[in-house]
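Structure assessment
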Amino acid sequence: MTELNTTVYYDDDADRSQIDDKTVAILGYGSQGHAHAQNLADSGVDVVVGLRENSSSRSAAESDGLRVKTPVEAAEEGDIVSVLVPDTVQPAVFEQIRDSLEAGDTLQFAHGFNIHYNQIQPPEDVDVTMVAPKSPGHLVRRNYENDEGTPGLIAVYQDETGDAKEEALAYSHAIGCTRAGVIETSFQEEVETDLFGEQVVLCGGVTSLVKQGYETLVDAGYSPEMAYFECLNELKLIVDLMYEGGLEEMWNSVSDTAEYGGLTRGDRVVDDHARENMEEILEEVQNGTFAREWIAENQAGRPSYTQLKDAEENHHIEEVGRPLRDLFAWSDDGDEEEEKAEA
Ligand code: NAD
Ligand code: MG
Ligand code: MG
Ligand code: MG
Ligand code: MG
(Lines give C-alpha, C1' and ligand atoms only; values in the text may rest on other atoms or scores of the structure.)
(Ligands and ions follow the chains in the order given, each with its own letter.)
Protein backbone atom coordinates (compact mmCIF):
# COMPACT_ATOMS: atom_id res chain seq x y z
CA MET A 1 0.00 0.00 0.00
CA THR A 2 1.27 3.48 -0.81
CA GLU A 3 1.92 5.88 2.04
CA LEU A 4 -0.66 8.55 2.81
CA ASN A 5 0.48 12.11 2.14
CA THR A 6 -1.16 13.26 5.32
CA THR A 7 -1.23 12.46 9.03
CA VAL A 8 -4.43 10.94 10.38
CA TYR A 9 -5.20 11.78 14.02
CA TYR A 10 -7.03 9.30 16.25
CA ASP A 11 -8.33 9.31 19.84
CA ASP A 12 -4.86 8.78 21.32
CA ASP A 13 -3.57 11.93 19.60
CA ALA A 14 -6.10 14.14 21.38
CA ASP A 15 -5.47 15.77 24.74
CA ARG A 16 -8.90 16.17 26.33
CA SER A 17 -7.59 18.57 28.98
CA GLN A 18 -7.65 21.10 26.13
CA ILE A 19 -11.45 21.16 26.28
CA ASP A 20 -12.68 19.44 29.44
CA ASP A 21 -12.69 22.57 31.62
CA LYS A 22 -14.00 24.88 28.93
CA THR A 23 -17.47 26.01 27.96
CA VAL A 24 -18.45 25.56 24.34
CA ALA A 25 -21.06 27.88 22.84
CA ILE A 26 -22.86 26.30 19.89
CA LEU A 27 -24.53 28.94 17.74
CA GLY A 28 -27.38 27.34 15.76
CA TYR A 29 -29.16 24.06 16.33
CA GLY A 30 -29.52 22.67 12.81
CA SER A 31 -27.77 19.76 11.14
CA GLN A 32 -24.29 20.27 12.63
CA GLY A 33 -25.33 22.29 15.69
CA HIS A 34 -27.56 19.68 17.28
CA ALA A 35 -24.96 16.94 16.75
CA HIS A 36 -21.97 18.89 18.08
CA ALA A 37 -23.95 20.14 21.09
CA GLN A 38 -25.28 16.73 22.14
CA ASN A 39 -22.04 14.84 21.50
CA LEU A 40 -20.03 17.41 23.48
CA ALA A 41 -22.53 17.29 26.34
CA ASP A 42 -22.50 13.47 26.40
CA SER A 43 -18.69 13.65 26.47
CA GLY A 44 -18.93 15.74 29.66
CA VAL A 45 -18.11 19.13 28.15
CA ASP A 46 -20.09 22.17 29.34
CA VAL A 47 -22.27 23.32 26.44
CA VAL A 48 -24.48 26.36 25.96
CA VAL A 49 -26.56 26.69 22.82
CA GLY A 50 -27.04 30.19 21.37
CA LEU A 51 -30.35 30.78 19.57
CA ARG A 52 -32.54 33.78 18.82
CA GLU A 53 -35.42 34.40 21.26
CA ASN A 54 -37.96 33.42 18.60
CA SER A 55 -36.01 30.50 17.11
CA SER A 56 -38.06 27.41 16.41
CA SER A 57 -35.01 25.31 17.41
CA ARG A 58 -35.18 26.49 21.04
CA SER A 59 -37.65 23.86 22.18
CA ALA A 60 -35.66 21.08 20.46
CA ALA A 61 -32.43 22.07 22.20
CA GLU A 62 -34.18 22.43 25.55
CA SER A 63 -35.92 19.09 25.31
CA ASP A 64 -32.53 17.54 24.46
CA GLY A 65 -31.50 18.73 27.91
CA LEU A 66 -29.26 21.60 26.84
CA ARG A 67 -28.92 25.11 28.24
CA VAL A 68 -30.18 27.67 25.72
CA LYS A 69 -29.36 31.37 25.69
CA THR A 70 -29.20 34.11 23.08
CA PRO A 71 -26.20 34.03 20.68
CA VAL A 72 -24.66 37.03 22.50
CA GLU A 73 -25.06 35.48 25.97
CA ALA A 74 -23.76 32.12 24.76
CA ALA A 75 -20.73 33.73 23.11
CA GLU A 76 -20.01 35.62 26.34
CA GLU A 77 -19.98 32.36 28.30
CA GLY A 78 -18.17 30.30 25.71
CA ASP A 79 -14.41 29.81 25.65
CA ILE A 80 -14.97 28.19 22.27
CA VAL A 81 -17.66 29.71 20.08
CA SER A 82 -18.68 27.31 17.36
CA VAL A 83 -20.52 29.08 14.54
CA LEU A 84 -23.01 26.55 13.16
CA VAL A 85 -25.67 28.77 11.62
CA PRO A 86 -26.03 28.70 7.80
CA ASP A 87 -23.01 30.13 5.98
CA THR A 88 -25.06 32.98 4.47
CA VAL A 89 -26.23 34.05 7.94
CA GLN A 90 -22.83 33.83 9.67
CA PRO A 91 -21.54 37.36 8.87
CA ALA A 92 -24.62 38.96 10.49
CA VAL A 93 -24.44 36.68 13.55
CA PHE A 94 -20.72 37.41 13.87
CA GLU A 95 -21.41 41.16 13.96
CA GLN A 96 -23.72 40.55 16.95
CA ILE A 97 -21.25 38.42 18.92
CA ARG A 98 -17.93 40.05 17.96
CA ASP A 99 -17.71 42.07 21.19
CA SER A 100 -18.49 39.00 23.29
CA LEU A 101 -15.25 37.33 22.26
CA GLU A 102 -12.50 37.68 24.81
CA ALA A 103 -8.76 37.47 24.22
CA GLY A 104 -7.75 33.82 24.02
CA ASP A 105 -11.24 32.56 23.09
CA THR A 106 -11.68 30.42 20.00
CA LEU A 107 -13.92 31.29 17.09
CA GLN A 108 -14.66 27.99 15.38
CA PHE A 109 -16.29 27.01 12.09
CA ALA A 110 -17.34 23.83 10.30
CA HIS A 111 -16.72 25.33 6.85
CA GLY A 112 -14.26 28.03 5.84
CA PHE A 113 -16.24 30.14 3.35
CA ASN A 114 -16.71 33.31 5.40
CA ILE A 115 -13.17 33.41 6.76
CA HIS A 116 -11.52 32.53 3.47
CA TYR A 117 -13.51 35.06 1.45
CA ASN A 118 -13.20 37.77 4.16
CA GLN A 119 -16.89 37.95 5.00
CA ILE A 120 -15.89 37.61 8.65
CA GLN A 121 -12.82 39.45 9.93
CA PRO A 122 -12.09 37.99 13.34
CA PRO A 123 -10.39 39.98 16.09
CA GLU A 124 -6.64 39.42 16.23
CA ASP A 125 -6.54 38.16 19.82
CA VAL A 126 -8.62 34.98 19.35
CA ASP A 127 -7.84 31.58 17.86
CA VAL A 128 -9.72 30.76 14.66
CA THR A 129 -10.16 27.08 13.90
CA MET A 130 -12.26 24.65 11.92
CA VAL A 131 -13.65 21.28 12.95
CA ALA A 132 -15.60 19.88 10.02
CA PRO A 133 -17.10 16.41 10.20
CA LYS A 134 -17.25 14.93 6.68
CA SER A 135 -20.88 14.01 7.10
CA PRO A 136 -24.33 15.49 7.72
CA GLY A 137 -25.09 16.18 11.37
CA HIS A 138 -27.59 13.40 11.97
CA LEU A 139 -24.85 10.86 11.13
CA VAL A 140 -22.36 12.64 13.39
CA ARG A 141 -24.90 12.15 16.17
CA ARG A 142 -25.96 8.62 15.27
CA ASN A 143 -22.38 7.37 14.91
CA TYR A 144 -21.47 8.84 18.29
CA GLU A 145 -24.43 7.12 19.96
CA ASN A 146 -23.38 3.81 18.36
CA ASP A 147 -19.81 4.19 19.68
CA GLU A 148 -18.65 4.79 16.14
CA GLY A 149 -16.93 7.83 14.71
CA THR A 150 -17.30 10.24 11.82
CA PRO A 151 -14.18 11.24 9.86
CA GLY A 152 -13.40 14.94 10.02
CA LEU A 153 -11.11 17.81 9.09
CA ILE A 154 -9.39 20.31 11.33
CA ALA A 155 -7.74 23.57 10.31
CA VAL A 156 -6.14 26.50 12.08
CA TYR A 157 -6.45 29.98 10.59
CA GLN A 158 -5.23 31.98 13.56
CA ASP A 159 -3.26 30.60 16.50
CA GLU A 160 -3.14 33.28 19.17
CA THR A 161 -2.79 30.95 22.17
CA GLY A 162 -0.42 28.41 20.62
CA ASP A 163 -2.92 25.65 21.46
CA ALA A 164 -5.37 26.10 18.60
CA LYS A 165 -4.63 22.79 16.90
CA GLU A 166 -4.57 20.83 20.18
CA GLU A 167 -7.91 22.30 21.14
CA ALA A 168 -9.44 21.50 17.73
CA LEU A 169 -8.26 17.90 18.16
CA ALA A 170 -9.76 17.73 21.65
CA TYR A 171 -13.07 19.07 20.27
CA SER A 172 -12.89 16.47 17.48
CA HIS A 173 -12.39 13.81 20.16
CA ALA A 174 -15.41 15.01 22.13
CA ILE A 175 -17.74 14.90 19.09
CA GLY A 176 -16.44 11.46 18.07
CA CYS A 177 -14.40 12.39 15.00
CA THR A 178 -11.02 11.10 16.21
CA ARG A 179 -12.62 7.65 16.64
CA ALA A 180 -12.76 7.47 12.84
CA GLY A 181 -9.79 9.71 11.97
CA VAL A 182 -9.17 13.41 11.48
CA ILE A 183 -6.86 15.08 8.98
CA GLU A 184 -5.47 18.59 9.02
CA THR A 185 -6.11 20.98 6.17
CA SER A 186 -6.18 24.76 5.71
CA PHE A 187 -9.22 27.03 5.44
CA GLN A 188 -8.22 27.75 1.85
CA GLU A 189 -7.90 24.11 0.83
CA GLU A 190 -11.12 23.07 2.57
CA VAL A 191 -13.15 25.85 0.92
CA GLU A 192 -11.70 25.53 -2.57
CA THR A 193 -11.93 21.74 -2.76
CA ASP A 194 -15.42 21.74 -1.21
CA LEU A 195 -16.81 24.28 -3.70
CA PHE A 196 -15.06 22.67 -6.65
CA GLY A 197 -16.25 19.19 -5.70
CA GLU A 198 -19.88 20.16 -5.24
CA GLN A 199 -19.99 22.28 -8.41
CA VAL A 200 -18.09 20.05 -10.81
CA VAL A 201 -18.69 16.49 -9.62
CA LEU A 202 -21.05 15.87 -6.72
CA CYS A 203 -23.98 18.22 -7.23
CA GLY A 204 -23.55 20.10 -10.51
CA GLY A 205 -21.70 17.62 -12.70
CA VAL A 206 -23.66 14.56 -11.73
CA THR A 207 -27.13 16.14 -12.09
CA SER A 208 -26.24 17.49 -15.54
CA LEU A 209 -24.91 14.10 -16.63
CA VAL A 210 -28.13 12.44 -15.44
CA LYS A 211 -30.41 14.98 -17.14
CA GLN A 212 -28.49 15.01 -20.43
CA GLY A 213 -28.42 11.22 -20.58
CA TYR A 214 -32.12 11.00 -19.77
CA GLU A 215 -33.07 13.62 -22.37
CA THR A 216 -30.96 11.93 -25.06
CA LEU A 217 -32.85 8.66 -24.59
CA VAL A 218 -36.30 10.27 -24.34
CA ASP A 219 -35.67 12.50 -27.39
CA ALA A 220 -34.72 9.37 -29.34
CA GLY A 221 -38.12 7.87 -28.54
CA TYR A 222 -37.35 5.58 -25.59
CA SER A 223 -39.76 5.44 -22.68
CA PRO A 224 -39.15 8.00 -19.92
CA GLU A 225 -39.46 5.25 -17.31
CA MET A 226 -36.65 3.22 -18.90
CA ALA A 227 -34.55 6.36 -19.23
CA TYR A 228 -35.18 7.18 -15.56
CA PHE A 229 -33.99 3.77 -14.41
CA GLU A 230 -30.89 3.68 -16.61
CA CYS A 231 -29.72 7.23 -16.05
CA LEU A 232 -30.79 8.03 -12.49
CA ASN A 233 -31.95 5.09 -10.41
CA GLU A 234 -29.02 2.78 -11.16
CA LEU A 235 -26.55 5.49 -10.27
CA LYS A 236 -26.89 4.57 -6.60
CA LEU A 237 -25.71 1.01 -7.20
CA ILE A 238 -22.65 2.26 -9.06
CA VAL A 239 -21.82 4.91 -6.46
CA ASP A 240 -22.20 2.41 -3.59
CA LEU A 241 -19.61 0.14 -5.25
CA MET A 242 -17.19 3.04 -5.78
CA TYR A 243 -17.70 4.13 -2.15
CA GLU A 244 -16.90 0.63 -0.88
CA GLY A 245 -13.96 -0.24 -3.09
CA GLY A 246 -13.06 2.58 -5.40
CA LEU A 247 -13.39 2.51 -9.18
CA GLU A 248 -11.82 -0.97 -9.17
CA GLU A 249 -14.66 -2.61 -7.26
CA MET A 250 -17.21 -0.97 -9.55
CA TRP A 251 -15.44 -2.13 -12.74
CA ASN A 252 -15.08 -5.64 -11.29
CA SER A 253 -18.76 -5.82 -10.42
CA VAL A 254 -20.31 -4.77 -13.73
CA SER A 255 -20.37 -7.00 -16.81
CA ASP A 256 -17.35 -7.11 -19.13
CA THR A 257 -19.54 -5.46 -21.74
CA ALA A 258 -20.37 -2.59 -19.41
CA GLU A 259 -16.71 -2.32 -18.48
CA TYR A 260 -15.48 -2.21 -22.10
CA GLY A 261 -18.26 0.21 -23.13
CA GLY A 262 -17.56 2.46 -20.19
CA LEU A 263 -13.80 2.44 -20.60
CA THR A 264 -14.02 3.28 -24.31
CA ARG A 265 -16.88 5.83 -24.13
CA GLY A 266 -16.57 7.65 -20.80
CA ASP A 267 -13.86 10.05 -21.89
CA ARG A 268 -15.82 10.88 -25.06
CA VAL A 269 -18.62 12.25 -22.85
CA VAL A 270 -16.51 14.05 -20.30
CA ASP A 271 -13.88 15.13 -22.82
CA ASP A 272 -11.10 17.73 -23.08
CA HIS A 273 -13.70 20.47 -23.39
CA ALA A 274 -15.35 19.41 -20.15
CA ARG A 275 -11.90 19.38 -18.56
CA GLU A 276 -11.29 22.97 -19.75
CA ASN A 277 -14.60 23.97 -18.20
CA MET A 278 -13.58 22.33 -14.92
CA GLU A 279 -10.36 24.34 -14.90
CA GLU A 280 -12.32 27.53 -15.56
CA ILE A 281 -14.71 26.76 -12.69
CA LEU A 282 -11.76 26.05 -10.39
CA GLU A 283 -10.31 29.43 -11.31
CA GLU A 284 -13.61 31.13 -10.43
CA VAL A 285 -13.48 29.44 -7.03
CA GLN A 286 -9.82 30.40 -6.50
CA ASN A 287 -10.08 34.03 -7.58
CA GLY A 288 -13.30 34.68 -5.65
CA THR A 289 -15.58 35.16 -8.67
CA PHE A 290 -17.99 32.47 -7.48
CA ALA A 291 -18.00 33.77 -3.89
CA ARG A 292 -18.76 37.35 -5.04
CA GLU A 293 -21.54 36.08 -7.30
CA TRP A 294 -23.16 34.03 -4.50
CA ILE A 295 -22.89 36.85 -1.95
CA ALA A 296 -24.49 39.33 -4.43
CA GLU A 297 -27.19 36.78 -5.25
CA ASN A 298 -28.09 36.56 -1.56
CA GLN A 299 -28.06 40.33 -1.15
CA ALA A 300 -30.49 40.61 -4.07
CA GLY A 301 -32.93 38.14 -2.47
CA ARG A 302 -31.81 35.09 -4.50
CA PRO A 303 -33.59 35.79 -7.84
CA SER A 304 -31.54 33.40 -10.04
CA TYR A 305 -31.32 30.75 -7.34
CA THR A 306 -35.11 30.71 -6.98
CA GLN A 307 -35.64 30.48 -10.72
CA LEU A 308 -33.09 27.70 -11.23
CA LYS A 309 -34.39 25.73 -8.26
CA ASP A 310 -37.91 25.98 -9.64
CA ALA A 311 -36.88 24.83 -13.13
CA GLU A 312 -35.00 21.88 -11.62
CA GLU A 313 -38.02 20.80 -9.56
CA ASN A 314 -40.18 20.87 -12.67
CA HIS A 315 -37.78 18.99 -14.94
CA HIS A 316 -39.43 16.10 -16.79
CA ILE A 317 -37.21 13.56 -15.04
CA GLU A 318 -38.68 14.63 -11.69
CA GLU A 319 -42.24 14.35 -12.93
CA VAL A 320 -41.48 10.83 -14.16
CA GLY A 321 -39.55 9.87 -11.04
CA ARG A 322 -42.01 10.88 -8.32
CA PRO A 323 -44.78 8.38 -9.14
CA LEU A 324 -42.21 5.70 -10.11
CA ARG A 325 -40.46 5.88 -6.76
CA ASP A 326 -43.80 5.47 -5.01
CA LEU A 327 -44.48 2.27 -6.95
CA PHE A 328 -41.30 0.50 -5.92
CA ALA A 329 -40.40 -1.08 -2.61
CA TRP A 330 -36.79 0.14 -2.63
CA SER A 331 -38.00 3.64 -2.07
CA ASP A 332 -38.39 4.43 1.62
CA ASP A 333 -39.21 7.96 2.60
CA GLY A 334 -36.19 8.15 4.88
CA ASP A 335 -35.79 11.09 7.14
CA GLU A 336 -35.36 14.40 5.39
CA GLU A 337 -32.01 15.06 6.92
CA GLU A 338 -30.66 11.86 5.47
CA GLU A 339 -31.41 13.15 2.02
CA LYS A 340 -29.75 16.48 2.75
CA ALA A 341 -26.38 14.88 2.17
CA GLU A 342 -23.23 16.72 2.96
CA ALA A 343 -21.72 18.63 0.09
P1 NAD B 1 -28.54 24.28 9.16
O2 NAD B 1 -29.10 25.06 8.03
O3 NAD B 1 -28.89 22.86 9.30
O4 NAD B 1 -28.95 24.91 10.56
C5 NAD B 1 -28.74 26.20 10.89
C6 NAD B 1 -29.39 26.55 12.22
O7 NAD B 1 -29.03 27.91 12.45
C8 NAD B 1 -30.90 26.53 12.24
O9 NAD B 1 -31.41 25.32 12.68
C10 NAD B 1 -31.18 27.63 13.25
O11 NAD B 1 -31.10 27.08 14.56
C12 NAD B 1 -30.05 28.59 13.10
N13 NAD B 1 -30.35 29.80 12.32
C14 NAD B 1 -30.88 29.87 11.07
N15 NAD B 1 -31.02 31.15 10.68
C16 NAD B 1 -30.54 31.90 11.70
C17 NAD B 1 -30.40 33.31 11.90
N18 NAD B 1 -30.80 34.19 10.97
N19 NAD B 1 -29.86 33.73 13.08
C20 NAD B 1 -29.47 32.86 14.02
N21 NAD B 1 -29.58 31.51 13.88
C22 NAD B 1 -30.11 31.05 12.74
O23 NAD B 1 -26.95 24.50 9.11
P24 NAD B 1 -25.84 23.38 8.89
O25 NAD B 1 -26.08 22.66 7.59
O26 NAD B 1 -25.68 22.60 10.14
O27 NAD B 1 -24.56 24.29 8.65
C28 NAD B 1 -23.84 24.89 9.72
C29 NAD B 1 -22.38 24.97 9.30
O30 NAD B 1 -21.86 23.64 9.17
C31 NAD B 1 -22.14 25.65 7.97
O32 NAD B 1 -20.95 26.37 8.04
C33 NAD B 1 -22.00 24.47 7.01
O34 NAD B 1 -21.24 24.79 5.86
C35 NAD B 1 -21.25 23.50 7.90
N36 NAD B 1 -21.33 22.09 7.52
C37 NAD B 1 -22.53 21.51 7.27
C38 NAD B 1 -22.60 20.16 6.97
C39 NAD B 1 -23.94 19.50 6.72
O40 NAD B 1 -23.93 18.35 6.35
N41 NAD B 1 -25.07 20.12 6.91
C42 NAD B 1 -21.43 19.39 6.93
C43 NAD B 1 -20.20 20.00 7.24
C44 NAD B 1 -20.18 21.36 7.54
MG1 MG C 1 -16.10 34.10 26.01
MG1 MG D 1 -27.65 -1.68 -17.70
MG1 MG E 1 -17.93 18.97 1.18
MG1 MG F 1 -20.16 22.68 0.63
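Residues numbered from 1 in each chain as written. Chains lettered and ligands numbered in written order. Predicted model: local features only at pLDDT ≥ 70, side-chain atom pairs only at ≥ 80, totals over all residues.

Here is the rule: UniProt positions are given in the numbering used here, feature names are shortened, and annotations may be inferred rather than shown by experiment.
Going by the annotation in an unreviewed UniProt entry, the name recorded for the protein chain is Ketol-acid reductoisomerase (NADP(+)), with Halopelagius inordinatus given as the source organism. Quoted verbatim from the Sequence similarities (unreviewed entry) field of the UniProt record, the comment on the protein chain reads "Belongs to the ketol-acid reductoisomerase family."

1. Notes on the overall build of the protein chain
Condition: Numbering of helices and strands starts at the N terminus; helices are DSSP runs of H or I of at least 4 residues and strands are runs of E of at least 2. Each radius of gyration reported is based on C-alpha atoms, and the globular scaling rule is 2.2 Å times the count of residues to the power 0.38. Burial in this document is a count-based property: other C-beta atoms within 10 Å of a residue's C-beta are tallied, and the residue is buried at 20 or more, exposed at 12 or fewer, or partly exposed in between, with C-beta positions derived from the backbone. In this description, a residue-residue contact is defined by the distance between C-beta atoms placed from the backbone, which must lie within 7 Å.
Helix and strand counts for the protein chain come out as 18 helices and nine strands. In terms of C-alpha radius of gyration, the protein chain reaches 22 Å, essentially the compact-globule figure of 20 Å for 343 residues. Reported as C-alpha extents along the three principal axes, the dimensions of the protein chain are approximately 65 × 50 × 40 Å. Taken across its 343 residues, the protein chain has 30% of its residues classed as buried. Within the protein chain, counting contacts between residues at least 6 apart in sequence, those at least 24 apart form 67% of the total.

2. Looking at the UniProt feature "domain: KARI N-terminal Rossmann" (unreviewed entry) in the protein chain
Listed under "domain: KARI N-terminal Rossmann" (unreviewed entry) in the UniProt record, and renumbered for this structure, are residues 4-185. Here residues 4-185 is 34% helix and 23% strand, with 14 Å between the C-alpha atoms at its ends.

3. Things to note about the site of ligand 1
Operational definition: As a rule, any residue with its backbone-derived C-beta atom within 6 Å of a molecule or strand is reported as near that molecule or strand. By the convention adopted, Pro, Cys, Tyr, Trp, Phe, Met, Ile, Leu, Val and Ala count as nonpolar, Lys, Arg, Asp and Glu as charged, and the other residues, Gly among them, as polar.
Neighbouring ligand 1 are 24 residues; Gly28, Gly30, Ser31, Gln32 and His111 lie closest to it. Mapped onto the shell around ligand 1, the elements with two or more residues apiece are α1 (31-42) and β7 (127-133). Among the elements that make up the shell around ligand 1, the one with the highest residue count is α1 (three residues). Taken together, the residues of the shell around ligand 1 sort by class into twelve nonpolar, nine polar and three charged.

4. So, the sheet that holds β7
For the record, the criterion: Only strands that DSSP links by at least two bridges are regarded as paired with each other. To get an axis, a line is fitted to the C-alpha atoms, and for a helix only the part in contact is used. The angle between two axes follows their N-to-C directions and goes from 0 to 180 degrees.
As summarised here, the arrangement of the nine strands in space is β1-β9-β8-β7-β6-β5-β2-β3-β4, forming an open sheet in which the pairing is mixed. Sheet topology places β1 (8-9) and β4 (67-69) at the edges, where each strand pairs with a single neighbour. Looking at chain direction, strand β3 (residues 46-50) and β4 are connected through three bridges and run parallel. Across the sheet, residue Gly50 finds its bridge partner in β4, namely Lys69. Packing against the sheet, helix α7 (residues 164-174) makes contact with β1, β5 (80-83), β6 (106-109), β7, β8 (152-158) and β9 (182-185), and its axis sits at approximately 155 degrees to β8.

5. Focus on the nonpolar core
As a rule of thumb, nonpolar side chains are buried together in soluble globular proteins. Which entries qualify depends on this criterion: A set of buried residues drawn from Ala, Val, Leu, Ile, Met, Phe, Trp, Tyr and Cys, joined through C-beta atoms within 7 Å, is what defines a nonpolar core.
Among the nonpolar cores identified, the biggest contains 57 residues, and Leu27, Val47, Val49, Val83 and Met130 are the most heavily contacted of them. For Val49, the contacting residues outside a window of four places in its chain are Ile26, Tyr29, Ala37, Ala61, Leu66, Arg67, Val68 and Ala74. Counting residues in hydrophobic clusters, the runner-up holds six residues, among them Tyr214, Ala227, Tyr228 and Ile317.

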